[in-house]
Amino acid sequence: MSTLPKIAWIGLGIMGSPMSENLVKAGYDVTGFTLEQDKLDRLTAAGGTAAGSIADAVRDADVVITMVPASPQVEAIAYGPDGILENARSGALLIDMSSITPQTSVDLAKAAGDKGIRVLDAPVSGGEAGAVEAVLSIMVGGEQADFDAARPVFEALGRTIVLCGPHGSGQTVKAANQLIVAVNIQACAEAVVFLEKSGVDLTAALDVLNGGLAGSTVLTRKKDNFLSRDFRPGFRIDLHHKDMGIVTDAARNVGAALPVGAVVAQLVASLRAQGDGGLDHSALLRAVERLSGAQV
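Since the model is a prediction, treat every value here as computed from it, not as a measurement. (Residues numbered from 1 in each chain as written. Predicted model: local features only at pLDDT ≥ 70, side-chain atom pairs only at ≥ 80, totals over all residues. Heavy atoms only, no water.)

1. A closer look at the overall build of the chain
Of regular secondary structure, the chain possesses 14 helices and 9 strands. For 296 residues, the compact-globule estimate of 2.2 N^0.38 gives 19 Å, and the C-alpha radius of gyration of the chain, at 20 Å, lies within 12% of that figure. Dimensions along the principal axes, computed over C-alpha positions, put the chain at roughly 60 × 45 × 35 Å. Of all 296 residues assigned to the chain, the portion counted as buried reaches 49%. Taken as a whole, the chain presents about 13,200 Å² of accessible surface, with 55% of it coming from carbon and sulfur. Counting 24 positive and 33 negative side-chain charges, the chain places the centres of these two groups 2 Å from one another. (Helix = DSSP H or I, 4+ residues; strand = E, 2+ residues; numbered from the N terminus. Rg over C-alpha atoms; globule rule 2.2 N^0.38 Å. Buried < 20%, exposed > 50% of the residue type's maximum accessible area, 1.4 Å probe, protein only. Areas by Shrake-Rupley, 256 points an atom, 1.4 Å probe, with all protein chains shown as cover. Lys, Arg positive; Asp, Glu negative; His and termini not counted. Charge placed at Lys NZ, Arg CZ, Asp CG, Glu CD.)

Quick look at the structure:
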């Protein structure tokens, strides 16, 4: 009989499926729920258990982990008679790994506390590849004792695991992460178009750039996307559009100016408006190509 905590996992999308599977591989008893039957089938094939509802998934869980697209989805699964807070046991630990507004996380922690449920906000960075390889960066908000209790779970999912402050802090750091990533992808996309129009060997150029100060995890992860124009989603433009809304709104609330971030947020929005919202965020290259006169 395993002494590891029993885990309920809600949300088995691009990130949630491989992350939950990594917990199964680490020996955890994982019961999952999502709306897509094929995702439930994937979890059971990996050794997990499929639940028929949120209530069924969380009822006997020691740890409940959520990974859904945005604040409205977090609120939908957390609140109400069929939600997590009404059905999880008192003393359970709820870890929300979605990327949502900091205020949503603060409000959730308060509501959960009234039910005797502990909460951490723990969004991640690293994309689908990082989820599959269990090398995610995990930025956490909440109490130190809850963070310490959750650390073994986090260590099965990621490599860089940091408590950033009280409830909502993880989401604030994730918003900053998404700002940096978007600006970095945009800069890489502009460089790619500049290099190609200049007749330079793009593969050679990106290799040497990535070995110097211009190198980045973004360029390492997205270089092949740029070279092959393969924009199958690892992290969709639609989601990055949501995240840029979070960071620009949060920055306005604290009085921080984001002049470059605001421009990139508009470029992400325009790409989405042109029908590319379902593509990987490296598809920002398509926007630069259009601005440079290419028919994309």
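2. Details of helix α11 (residues 217-228)
V218, L219, K222, K223, N225 and F226 are the residues of α11 that are buried. Where α11 is buried, its residues meet α9 (169-197), α10 (202-210) and α14 (284-291). Immediately downstream of α11, the backbone of R229 shows phi near 55°, a positive value. (Contact = heavy atoms within 4.5 Å.)

3. Some details on the UniProt feature "domain: 3-hydroxyisobutyrate dehydrogenase-like NAD-binding" (unreviewed entry) in the chain
Under the local residue numbering, the UniProt record ascribes the feature "domain: 3-hydroxyisobutyrate dehydrogenase-like NAD-binding" (unreviewed entry) to residues 168-287. Along residues 168-287 the backbone is 75% helical and 0% strand, and the end-to-end C-alpha distance reaches 33 Å. (UniProt positions renumbered as here; feature names shortened; annotations may be inferred.)

4. Here's the deal with the UniProt feature "domain: 6-phosphogluconate dehydrogenase NADP-binding" (unreviewed entry) in the chain
In the numbering used here, UniProt assigns the "domain: 6-phosphogluconate dehydrogenase NADP-binding" (unreviewed entry) feature to residues 6-165. Taken end to end, residues 6-165 is 42% helix and 24% strand, and its first and last C-alpha atoms sit 26 Å apart.

5. Regarding the pattern of salt bridges
Where charged atoms of side chains with opposite charge meet at close range, the side chains can pair. If you walk through the whole model with that rule in mind, you get 17 salt bridges. With a shortest N-O distance of 2.7 Å, K223 and D207 are connected by a salt bridge. Of this pair, K223 sits in helix α11 while D207 sits in helix α10, and the two are 16 residues apart along the sequence. For K223, a relative accessible area of 18% translates into the label buried. For D207, a relative accessible area of 40% puts it in the partly exposed group. Across the salt bridge formed by K222 and D280, the nearest N and O atoms sit 3.1 Å from each other. Separated by 58 residues along the polypeptide, K222 in helix α11 and D280 in the loop between α13 (259-276) and α14 bring together distant segments of the chain. K222 gets classed as buried once you look at its relative accessible area, which sits at 14%. Beyond isolated ion pairs, a larger network of salt bridges with shared partners links E196, R229 and E289. (Salt bridge = Lys/Arg side-chain N within 4 Å of Asp/Glu carboxyl O.)

6. Some remarks on the packing of aromatic side chains
Aromatic ring pairs are reported here in terms of the distance separating the ring centres and the angle at which the planes meet. For the coordinates displayed, the defined rule picks out 1 aromatic pair. Note on F147 and F154: the rings are 6.3 Å apart at their centroids and 40° apart in plane angle, and the pair reads as tilted. On the basis of relative accessible area, F147 is assigned to the buried category, the value being 4%. The class for F154 is buried, based on a relative accessible area of 0%. (Phe/Tyr/Trp six-rings, centres within 6.5 Å; stacked < 30°, edge-to-face > 60°.)

7. Things to note about the pairing of strand β9 (residues 158-165)
Examined bridge by bridge, strand β8 (residues 136-141) and β9 share 6 bridges and lie parallel to one another. Considered in β9, the bridge of I138 is made with I161. (Pairing = 2+ DSSP bridges.)

8. Description of the packing of helix α1 (residues 16-25) against helix α2 (residues 37-45)
Orientation of α1 relative to α2, taken along the N-to-C sense of each, is 20°, at an axis distance of 10 Å. Overall, the two elements α1 and α2 adopt an arrangement that is roughly parallel. As α1 runs across α2, the sense of the crossing is right-handed. Here α1 contributes S17, P18, S20, E21 and V24 to the contact with α2, which in turn contributes K39, R42 and L43. (Axes fitted to C-alpha atoms, helices over the stretch in contact; angles between N-to-C directions. Parallel < 35°, antiparallel > 145°, perpendicular 65-115°, else oblique. Left-handed = near helix turned anticlockwise from the far one by under 90°.)

9. Focus: the environment of R221
Its location among the elements puts R221 in helix α11. Residue classification places R221 among the partly exposed residues on the basis of a relative accessible area of 35%. Excluding its chain neighbours within four sequence positions, the residues that come into contact with R221 are G126, A129, G130, E133 and V135.

10. What about the packing of helix α12 (residues 237-254) against α13?
Close contact between α12 and α13 brings their axes to 9 Å; oriented N to C, the two are set at 150°. Put simply, α12 runs roughly antiparallel to α13. Two packed elements cross with a definite hand, and for α12 against α13 that hand is left-handed. Each of I237, D238, H240, H241, M244 and T248 in α12 lies in contact with α13, whose residues at this interface are G261, A265, V268, A269, L271, R272 and D276. For the contact of α12 with α13, the per-class residue count stands at 6 nonpolar, 4 polar and 3 charged. (Nonpolar A, V, L, I, M, F, W, Y, C, P; charged D, E, K, R; others polar.)

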